[in-house]
Amino acid sequence: MRRERVRTAKKIVAACTAVLAKHGVSLDPVVSVSNGGLIRLSWTSSLAIRAENRAAEQNREASGQYIGAALLLLQATRAHIQRGEWHDVESIADRAARLRERVKA
């Protein structure tokens, strides 16, 4: 069960980072498992701030909207993982895959 959950979280990260990279945004999200078995999703805050600023600067363009969507999906994933709401993480995985397909990243 835990392996599947980690795999799902990593799929979301891969899809979202591909979208971000397609638009020249660098972010380093990492899915990790603690010694106690807790799954975590984290990233460097300075890179996240830069990515959010880029999304805000380009919000009227498609690229800014895609950047914002990818960031939103990552933030929602982290929140649902922290609360243990795995059914929501599964739905985010579908949305992340559709975003990646739409952007063709």
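Rules used throughout
- Residues numbered from 1 in each chain as written.
- Predicted model: local features only at pLDDT ≥ 70, side-chain atom pairs only at ≥ 80, totals over all residues.
- Heavy atoms only, no water.
- Axes fitted to C-alpha atoms, helices over the stretch in contact; angles between N-to-C directions.
- Helix = DSSP H or I, 4+ residues; strand = E, 2+ residues; numbered from the N terminus.
- Parallel < 35°, antiparallel > 145°, perpendicular 65-115°, else oblique.
- Left-handed = near helix turned anticlockwise from the far one by under 90°.
- Contact = heavy atoms within 4.5 Å.
- Expected span 1.5 Å × (residues − 1).
- Buried < 20%, exposed > 50% of the residue type's maximum accessible area, 1.4 Å probe, protein only.
- Pairing = 2+ DSSP bridges.

Caption draft 1: Here's a closer look at the packing of helix α1 (residues 2-22) against helix α4 (residues 86-103). The geometry of α1 relative to α4 is characterised by a closest axis approach of 9 Å and an angle of 30 degrees between their N-to-C directions. Compared by their axis directions, α1 and α4 come out roughly parallel. Handedness of the crossing formed by α1 with α4: left-handed. Touching Arg5, Thr8, Ile12, Ala14, Ala15, Cys16, Ala18, Val19 and Lys22 of α1 are Trp86, Val89, Glu90, Ile92, Ala93, Ala96, Ala97, Leu99, Arg100 and Val103, all from α4.

Caption draft 2: Examining α1 more closely. A rise of 1.5 Å per residue sets the reference length of α1, with its 21 residues, at 30 Å; its end C-alpha atoms lie 30 Å apart and thus fit the reference within 8%. Listing the buried residues of α1 in full gives Val6, Thr8, Ala9, Ile12, Val13, Ala15, Cys16, Ala18, Val19 and Leu20. Residues of α1 that are buried in the fold lie against β1 (30-33), β2 (39-42), α3 (62-83) and α4.

Caption draft 3: Examining the side chain of serine 63 more closely. Inspection of the secondary structure puts serine 63 in helix α3. The residues touching serine 63, leaving out its near neighbours within four places in the chain, are His23 and Gln58.

Caption draft 4: Structural view of the pairing of β2. Residue alternation in β2 divides its side chains into a buried set, Ile39 and Leu41, and an unburied set, Arg40 and Ser42. Where β1 lies against β2, four bridges are found, and the strand directions are antiparallel. In the strand pairing of β2, serine 32 is matched with arginine 40. Taking the residues that link successive antiparallel strands as the turn, the β1-β2 hairpin has five residues, and the phi of glycine 37 there is positive, at about 90 degrees.

Any functional reading would require information beyond the geometric quantities listed.
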